[in-house]
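# Results of the structural survey
As a plain string of letters, each chain reads:
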Amino acid sequence: MRSAKKNHPMSNSRVIDVSIGPSPRRAYDVRIGPGIASEILSNTPSLVGDAPSRAMLVFDSGVPRADRDRIADAIASGGLEVFIELIEPSERVKSLATLGRLLNRIAEARLERADPVIAVGGGIVGDIAGYAAASYRRGVPIIQCPTTLLAMVDASVGGKTGVNLNIDTPTGPRLVKNMAGAFWQPSIVLADVALLDSLEHRVLRCGLAECVKHGALGGFADAELGAWTRGALPRLLSRDHAALTELVARNVAVKASIVASDERETAATGGRALLNLGHTFGHAIEPMGHLSPTGSAENAPLQHGEAVALGVVAAAYASASMGLVDETLAGRLRDDIAAAGLPTSVDGLPDAPTLLDAMRDDKKVRAGHLRLVLPDGPGSCRVVDAPDEAHVIAGWNVIRA
Ligand code: GLY
């Protein structure tokens, strides 16, 4: 594993090296700072090697037109023929049908093996474009240019790509998150924090949920991360570029240190699975379209970060119910979630059997048994196999409004 912090020589940006291995070892940079997307994409051929001639630029439709034009112009100025596809960032659109349409567009544009797909958007768009890159001609380069805080600190780093599936169940159709996908590491990740200026507050806050999660795991690489984030919240929420650069760099360093030795989440204990803190609870409620972070129907459904925020609180209190941590620590995590303006409880949760059933769609389920990531101390979590359902329900009850 190699994860280093250093300053970019030309500007106020930072570089985190991600090194995944041991075999095959793949290393790439995550470059973070204001204005770096078009600055670096103007030299796209040097980012992917092997003399590309075309690029498929996949934009999140939420990225403002002016930013899209600037980025497309920058790539074209590097001598590439640029093809553009726009994707709406919704979980419903994150489907096999959208993946198929994108693959057809890439084939129509006649991209060859050296030609990159460039994803500019939030995690949904990065995941779909990454999966298309992983499967087109059995793999072409993917450049990730995340435009949401959540995608910068989490989704764009570590090579997880994929789409949701829609399955029939005895209780009706159900969307299961990220159930088809591939591990496909990017050539480079460009986190341009100036692109966060236009982000809705609600979407920015969703990214903070993953930052609180990393703080709860920070013992790996940055024991001060949780406290630093708490103190920096006013600057972060006012979109201070220096604070956002620092936040993204520190979170990427934590994530890089965790995925480096367990790319495929196969470690017998700990490893990448720890990054799922809050996600088994969160993924169970995220597809329930009636749930709202404010209680008001106009704000339904929950966004991913809001579901994770609730999931972190539920996991912390499930852990307290098991006696792994005391209630003070669970309360501190809940306070961090609340301070970031994220929900700590939600109205309209279904009954416990329905919630437990929805949790079983999680990819970590083994032989039908849940595997939960739970805090077990400050900056530390562990994977708990087949937890007693009473403790899981205790976690759900804490977030039931
Ligand atoms: N978002 C969790 C992971 O990348 O493993």
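Residues numbered from 1 in each chain as written. Predicted model: local features only at pLDDT ≥ 70, side-chain atom pairs only at ≥ 80, totals over all residues. Heavy atoms only, no water.

Taking 1.5 Å per residue, 13 residues should reach 18 Å; helix α4 (residues 96-108) reaches 18 Å between its end C-alpha atoms and fits that length. Taken together, the buried positions of α4 are Thr98, Leu99, Leu102 and Ile106. One side of α4 carries all its buried residues, which in axial view fall inside an arc of 100°. Within α4, the exposed residues directed more than 90 degrees away from the buried face are Arg101 and Glu108. In the core, the buried residues of α4 are packed alongside β4 (54-60), β5 (81-87), β6 (117-121), α5 (123-135) and β8 (160-169). Taken from the residues just after α4, arginine 110 is the one with a positive phi, measuring 60°. (Helix = DSSP H or I, 4+ residues; strand = E, 2+ residues; numbered from the N terminus. Expected span 1.5 Å × (residues − 1). Buried < 20%, exposed > 50% of the residue type's maximum accessible area, 1.4 Å probe, protein only. Arc of directions from axis to C-beta. Contact = heavy atoms within 4.5 Å.)

One pass over the full model with this rule turns up 1 cavity of 30 Å³ or more. If you trace the largest cavity, you find it lined by Gly121, Gly122, Gly123, Gly126, Asp127, Gln144, Pro146, Ala151, Ala155, Ser156 and Lys160. If you list the elements that add at least two residues to the lining of the largest cavity, you get α5, β7 (142-146) and α6 (149-155). (1 Å grid on protein atoms, 1.4 Å probe; cavity = no way out; pocket = protein on both sides within 12 Å on 5 of 7 lines; lining within 4 Å. Points joined across faces, edges and corners; volume = space filled by probe spheres on them.)

Close to the ligand lie Asp154, Lys160, Lys255, Arg272 and Leu275. Between the ligand and lysine 160, the relevant distance is 3.0 Å, taken from an oxygen atom to a side-chain nitrogen or oxygen of the residue. Arginine 272 places a polar side-chain atom, nitrogen or oxygen, 2.7 Å from an oxygen atom of the ligand. Notes on the ligand: free accessible area 200 Å², of which the protein chains cover 90%. Tallied by class, residues from the shell around the ligand come to 1 nonpolar, no polar and 4 charged. (Near = heavy atom within 4 Å. Polar contact = N/O pair within 3.5 Å; in protein donor to acceptor, adjacent residues only side chain to side chain. Areas by Shrake-Rupley, 256 points an atom, 1.4 Å probe, with all protein chains shown as cover. Nonpolar A, V, L, I, M, F, W, Y, C, P; charged D, E, K, R; others polar.)

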